[in-house]
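# Structural description and commentary
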Amino acid sequence: MVRGHAKEEAQKKNAAKLAAQKTSGSQKEAQKAGLKVVCPSCKMEMTNYKCLVQHFDSKHPKETCPPAESFAG
């Protein structure tokens with residue numbers, strides 16, 4: 001009788017493990033949701049304003065970076 005109980009517990013544990021594996025995986029959706037700021041020049045998406053400033057310094061040095069207030073949403 002003990003083995004029957006252990007079998008049920010093992011099946012429950014395995015089902016929970018498989019469910020966790022099914023939900024985890026690709027993080028592309030979460031990454032896409034985190035991209036909130038878009039460069040007005042090249043339309044590249046960034047996570048925050050600080051990254052946009054660094055992007056402007058390296059990719060668009062002759063242009064001025066728009067103020068942070070224009071990206072507040």
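Scope of this entry: the structure provided in the associated data block.

This paragraph deals with the state of the cysteines. Following the criterion strictly, the structure yields zero disulfides and no others. Unpaired in terms of disulfides, Cys51 finds its nearest cysteine sulfur in Cys65, a separation of 11 Å. Looking at Cys65, the relative accessible area reads 28%, which means it is partly exposed.

A separate point is the side chain of His60. In this structure, His60 sits in the segment after helix 3 (49-59). Residue classification places His60 among the buried positions, given a relative accessible area of 13%. Among the polar contacts made by the side chain of His60, one reaches the side chain of His55 at a distance of 3.2 Å. With sequence-adjacent residues up to four places away left out, His60 is seen in contact with Cys39, Ser41, Cys42 and His55.

In this section: helix 3. For helix 3, the full list of buried residues reads Leu52, His55 and Phe56. The buried residues of helix 3 occupy an angular sector of 100 degrees when projected down its axis, which confines them to one face. Residues of helix 3 that are exposed and point more than 90 degrees away from the buried face comprise Lys50, Gln54, Asp57 and Ser58. Looking at the buried residues of helix 3, the elements they touch are strand 1 (37-38) and strand 2 (45-46).

Criteria and cut-off values
- Sequence positions are assigned chain by chain, starting from 1 and proceeding in written order.
- Totals for whole chains, interfaces and linings use all residues, but because this is a predicted model, local features are given only for residues with pLDDT of at least 70 and pairs of side-chain atoms are given and counted only at 80 or more.
- To get the side-chain values, all heavy atoms of the structure are used, and hydrogens and water are removed first.
- Pairs of cysteine sulfur atoms within 2.5 Å are what we label disulfides.
- Only protein chains enter the accessibility calculation, which uses a 1.4 Å probe. A residue is then buried if its area is under 20% of the maximum for its type, exposed if over 50%, and partly exposed in between.
- Strands here are runs of E lasting at least two residues and helices are runs of H or I lasting at least four, both read from the DSSP assignment and numbered beginning at the N terminus.
- Polar contacts, as counted here, are pairs of nitrogen or oxygen atoms within 3.5 Å of one another; within protein the pair requires one atom able to donate a hydrogen and one able to accept it, and residues that are adjacent in sequence qualify only if both atoms are side-chain atoms.
- Note on contacts: a residue pair is in contact if any heavy atoms of the two residues lie within 4.5 Å.
- Comment: arc refers to directions from the helix axis out to C-beta atoms.

None of the figures reported here should be taken as evidence of function without further support.
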